[in-house]
Amino acid sequence: MSLKRLSDDARAVVKLANDIAHEFGLEYVGTEHILLAILRHGDNLAARVLRRLGLDEPKVRAALENHFQKAKEDTWVFGRLPGSPHYRNVIEQAMEIATQLDSKTIGSAHLLLALCHDRQSLAHFTLTELGVTHKKCREQVLRELGAA
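A quick note: this is a predicted structure, and the numbers were derived from the prediction, not measured.

1. Focus on the pattern of salt bridges
Thought 1: On inspection of all chains with the given rule, the structure shows 11 salt bridges.
Thought 2: Close ionic contact of Glu23 with Arg61 constitutes a salt bridge, the shortest N to O distance being 3.8 Å. Here Arg61 lies in helix H4 (residues 57–65) and Glu23 lies in helix H1 (residues 8–23), a separation of 38 residues in the sequence.
Thought 3: Measuring nitrogen to oxygen at the nearest pair gives 3.6 Å for the salt bridge that ties Arg48 to Asp43.
Thought 4: A relative accessible area of 24% places Arg48 in the partly exposed class.
Thought 5: Several salt bridges share partner residues, and in doing so they unite Glu23, Arg40, Glu57, Arg61 and Glu65 into one network.

2. Re the side chain of Asn44
Thought 1: Within the element layout of this structure, Asn44 appears in the loop between helix H2 (31–41) and helix H3 (45–52).
Thought 2: Residue class for Asn44 comes out buried when judged on its relative accessible area of 3%.
Thought 3: Among the polar contacts made by the side chain of Asn44, one reaches the main-chain amide nitrogen of Ala47 at a distance of 2.6 Å.
Thought 4: Here Ser108 takes part through its side chain, which lies 3.3 Å from a polar atom of the side chain of Asn44.
Thought 5: In this structure Asn44 touches Asp9, Val13, Ile38 and Ser108, once residues within four positions along its chain are discounted.

Definitions and limits used
Residues numbered from 1 in each chain as written. Predicted model: local features only at pLDDT ≥ 70, side-chain atom pairs only at ≥ 80, totals over all residues. Heavy atoms only, no water. Salt bridge = Lys/Arg side-chain N within 4 Å of Asp/Glu carboxyl O. Helix = DSSP H or I, 4+ residues; strand = E, 2+ residues; numbered from the N terminus. Buried < 20%, exposed > 50% of the residue type's maximum accessible area, 1.4 Å probe, protein only. Polar contact = N/O pair within 3.5 Å; in protein donor to acceptor, adjacent residues only side chain to side chain. Contact = heavy atoms within 4.5 Å.

Written as structure tokens, this is what we have:
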């Protein structure tokens, strides 16, 4: 899997996801770490969308902490830490979404849409639990992309 198409913003999110996994003392990177990284990274498009949908890092982190013990997944090697199978699926899905939206690079918005799309991931489960549906997320992302 090539990450050459990641924008600087998305590359920073992926690196931050790795750091967040370390903070939790985990030896894998999962979709939940991408979700937290999007929010922590700052004023990226995906973080703005999540804030408009009523989410912030403390709220998402609290919801995720309730699920971490249930999220033991098989791992595969990605960079410094292994990534869960869902992590890999999200990265690949983000590439497809970026292509569908005629984007040459993969940004945080594409990562967020991929998180909303992967129904088996902890990030998707948490977003849904917090009231963020794929439809709401996609509509808000497309609105933001149109304004960009």
